[in-house]
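So the chains spell out like this:
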Amino acid sequence: MRFNKAKALLVKAIEVGDIPGAVAIAGDAYEVELIGATGVTSYVTETQVTADSYYDLASLTKVIATLPAVLQLIDAGALNLDDYLLDYFPNAGWFQEPSLAYVTVRELLSHSSGLEAWRPLFALSNVKEVIYANVLQSSLGEKVYRYSDLGFILLGMLLERIHGQDLREISQKVFGPLGLKRLKYGPLDPMQDSIAATEDCGWRMKMCEGIVHDENAYALGGAAGHAGLFGIAEDVARYAQAWLKLDEVLASRILLKEAQREQCRGDDGVRRGLGWQLGWGSTPLTSPGTFGHTGFSGTSLWIDPEQGWFAVLLTNRIHPNRRFGSNIQRLRSDFHEAIAQSFIQKASKAST
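From a predicted model like this one, the values you see are computed outputs, not experimental measurements. Here the residue numbers are simple positions, counted from 1 along each chain's written sequence. Under the rules for a predicted model, residues below a pLDDT of 70 receive no local features and side-chain atom pairs below 80 are neither given nor counted, while totals for whole chains, interfaces and linings still include all residues. Side-chain numbers come from the whole structure's heavy atoms, not from hydrogens or water.

Participant: When you look at the sheet that holds strand 4 (residues 183-185) in this model, what are you seeing that I'm missing?
Facilitator: Whenever strands of a sheet pair, they do so through backbone hydrogen bonds, lying parallel or antiparallel. Pairing between two strands requires that DSSP report at least two bridges joining them. A run of DSSP states H or I qualifies as a helix once it reaches four residues; a run of E qualifies as a strand once it reaches two. Both are numbered from the N-terminal end. The 3 strands are arranged 3-7-4 in an open sheet whose pairing can be described as antiparallel. Looking at the sheet topology across the chains shown, the edges are occupied by strand 3 (55-56) and strand 4. In this structure, strand 4 lies alongside strand 7 (residues 229-231), joined through 3 bridges in antiparallel fashion. Looking across to strand 7, one finds that L183 is bridged to G231.

Participant: Would you mind showing me how to read the packing of aromatic side chains here?
Facilitator: For any pair of aromatic rings, geometry is given as the distance between the ring centres together with the angle between the planes. Any pair of Phe, Tyr and Trp rings, taking the six-membered ring for Trp, is counted once the centres come within 6.5 Å. Such a pair is stacked with planes under 30 degrees apart, edge-to-face with planes over 60 apart, and tilted for the rest. Per the stated rule, a full pass over the model turns up 11 aromatic pairs. Between W243 and F291, the ring centres sit 5.9 Å apart and the planes meet at 65 degrees, which makes this aromatic pair edge-to-face. Here F291 lies in strand 11 (residues 291-295) and W243 lies in helix 8 (residues 233-244), a separation of 48 residues in the sequence. Here W243 falls in the buried class, since its relative accessible area comes to 1%. Here, a charge over a ring is recorded when the distance from Lys NZ or Arg CZ to the ring centre is within 6 Å and its angle to the ring normal is within 35 degrees. Geometry around Y218 places R204 over its ring, the cationic atom sitting 4.5 Å from the centre. Remark: exposure states derive from per-residue accessible area (1.4 Å probe, protein chains only) relative to the maximum for the residue type, with buried under 20%, exposed over 50%, and partly exposed in between.

Participant: Would you explain the sheet that holds strand 2 (residues 32-39) in this entry?
Facilitator: Pairing within the open sheet is antiparallel, and its 8 strands lie in the order 2-1-13-12-11-10-9-8. Of all the strands in the sheet, just strand 2 and strand 8 (264-265) have a single pairing partner and so form its edges. Pairing of strand 8 with strand 9 (residues 271-272), which is carried by 2 bridges, proceeds in the antiparallel orientation. The residue bridging R265 from the neighbouring strand is R271, located in strand 9.

Participant: What should I look at first to understand the packing of helix 2 (residues 60-75) against helix 5 (residues 149-163) in this one?
Facilitator: The relative placement of two packed helices comes down to the angle between their axes together with the axis-to-axis distance. Interhelical geometry of helix 2 versus helix 5 gives an angle of 45 degrees and a closest axis separation of 10 Å. Comparing their axes, helix 5 and helix 2 come out oblique. Here helix 2 and helix 5 pass one another in a crossing that is left-handed. Where helix 2 abuts helix 5, its residues K62, T66, A69, V70 and L73 lie against D149, F152, L155, L159, I162 and H163. Of the residues assigned to the contact of helix 2 with helix 5, the class counts are 7 nonpolar, 2 polar and 2 charged. Only the contacting stretch of a helix is used when fitting its axis, a line to C-alpha atoms as for every element, and angles between N-to-C directions run 0 to 180 degrees. Working rule for angles: under 35 degrees goes down as roughly parallel, over 145 as roughly antiparallel, 65 to 115 as roughly perpendicular, anything else as oblique. Throughout, a crossing is termed right-handed when the near helix is turned clockwise from the far one, and left-handed when it is turned anticlockwise from it by less than a right angle. The contact criterion used is simple: two residues touch if any of their non-hydrogen atoms lie within 4.5 Å. Note on residue classes: Ala, Val, Leu, Ile, Met, Phe, Trp, Tyr, Cys and Pro are nonpolar, Asp, Glu, Lys and Arg are charged, and everything else, Gly too, is polar.

Participant: What should I look at first to understand the pairing of strand 1 (residues 21-27) in this one?
Facilitator: On a regular strand, each side chain points to the face opposite its neighbour's, so the side chains alternate between the two faces of the sheet. Within strand 1, 7 of the 7 residues are buried, which leaves it mostly tucked inside the rest of the structure. Relative to strand 2, strand 1 runs antiparallel, the two being bridged by 7 bridges. Residue pairing across strands places I25 opposite L34, the latter belonging to strand 2. Hairpin remark: strand 1 followed by strand 2, antiparallel, with 4 residues in the connecting loop. In terms of strand pairing, strand 1 meets strand 13 (residues 309-315) through 6 bridges, oriented antiparallel. Looking at strand 13, one finds that G27 is bridged to F310.

Participant: Whenever I open this one, the pairing of strand 13 confuses me. Can you help?
Facilitator: With 7 of its 7 residues buried, strand 13 lies for the most part within the structure. Of the two faces of strand 13, the one lined by W309, A311, L313 and T315 and the one lined by F310, V312 and L314 are each fully buried. For strand 12 (residues 299-304) and strand 13, the ladder comprises 6 bridges, and the chain directions are antiparallel. Counterpart to T299 in the pairing with strand 13 is L314. Adjacent in sequence and paired antiparallel, strand 12 and strand 13 are bridged by 4 residues, among which G308 carries a positive phi angle near 80 degrees.

Participant: It is not clear to me how a nonpolar patch on the surface should be interpreted in this structure. Could you clarify?
Facilitator: A cluster of nonpolar side chains, contributed by Y84, L86 and Y102, occupies part of the molecular surface with about 280 Å² of accessible area. Relative to the assigned elements, Y102 resides in the loop between helix 2 and helix 3 (105-109). We classify Y102 as partly exposed; its relative accessible area is 46%. Patch membership requires over 30% relative accessible area and the absence of a salt bridge. Like charges are linked within 9 Å, and nonpolar side chains (Val, Leu, Ile, Met, Phe, Trp, Tyr) within 5 Å. Each accessible area is a Shrake-Rupley result for a 1.4 Å probe, and residues are judged covered by the shown protein chains and nothing else. The term salt bridge refers to a pairing of a side-chain nitrogen on Lys or Arg with a carboxyl oxygen on Asp or Glu at a separation within 4 Å.

Participant: Even after reading the chapter, I still don't get helix 5, so can you show me in this structure?
Facilitator: One turn of the α-helix equals 3.6 residues, which is why residues spaced by three or four share an orientation. Given the number of residues in a helix, its expected span is that number minus one, multiplied by 1.5 Å. Taking 1.5 Å per residue as the helical rise, helix 5 with its 15 residues ought to reach 21 Å, and the 21 Å between its terminal C-alpha atoms agrees with that figure. Most of helix 5 sits out of view: 12 of its 15 residues are buried. Here helix 5 has its buried residues at D149, L150, G151, F152, I153, L154, L155, G156, M157, L158, L159 and E160. For helix 5, the secondary structure elements touched by its buried residues are helix 2, helix 3, helix 4 (128-136) and helix 6 (167-178). One side-chain oxygen of the residue at the start of helix 5 lies 3.2 Å from the amide nitrogen of L150, identifying that residue as S148. Positive phi appears at G164, one or two residues downstream of helix 5, with a value of about 70 degrees. We call two N or O atoms a polar contact when they sit within 3.5 Å, provided that within protein one can donate a hydrogen and the other can accept it, with sequence-adjacent residues counted only if both atoms are side-chain atoms.

Participant: Sorry, what's going on with the pattern of salt bridges here?
Facilitator: It is possible for side chains bearing opposite charge to pair when their charged atoms get close. What the rule picks out here adds up to 18 salt bridges. One salt bridge connects E258 with R261, and the closest N-O pair in it is separated by 2.7 Å. Under the relative-accessibility criterion, E258 is labelled buried at 17%. Close ionic contact of E262 with R265 constitutes a salt bridge, the shortest N to O distance being 2.9 Å. E262 gets classed as partly exposed once you look at its relative accessible area, which sits at 28%. Here the residues in one salt-bridge network are D52, R182, E234 and R238, joined through shared partners.

Written as structure tokens, this is what we have:
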């Protein structure tokens, strides 16, 4: 098996306690291959992971649910990348200077709006309207790259405002035409599905299993623009294939390419497209045009359009709590390098 090295990395990470379990898939635009479904979904139940185990996708929600839904509105002429929030929320940034009213959709998607990274909204309220009102009065800093959950919460609000529907319904306009039936917002039922547990939450007084781990998404009813999505690795892989093929069922080719174009760059060299992080600085084996995203729960998706491959890694590294799984960045780096090496070797054999 050509992905033996990548699978061995997952097995080792489980053995040393870095992660409880994992499902990994890699492939190209037309084929997918299961690398491994190994370990347990929970240390409590010791239930074995399967290829159909659901994982809390965390911030992958931003690029799997929110980004394509925004692009589809642009394709439909209902929204523009350079529209101001003022056009849809007249009370945005009221009495604030600089004002949130003059932040654009493009700036929200590229994390260059000046919004802070995060705020404990869940400690304020669990009433959706109260949380939304609070976010609309956010103060801004300098418009430089700063990864922001608040920006994608606003994008979720914008989607609901234009569609007049809940994010659960809106997301199915993306997933339905692509045939992705196992990408959905929670809650999920542990009695019906295999679900990877995340954190034993102190303030919720229970283990998060089928309910979103992200506190702010939970307070918003489990569905938000920045987090809340659950899925299995195969459907995440099928979604990645749509990007490799520039599938216009997802969005127009022009917008799919625009999302992969650099929109801003941080002082630390991090490059952002629309939603996606661009480049992969941890290995010389991937192409400059590689793009992807990670999730706090231990998930990641990376796509190399130049070499024509993608890799999905789903783990629940924050189980039983977020103090575990501190080696996830090293695991991701080594895993993606092993995947890239496998595809390079395959291409080399094909050319000889």
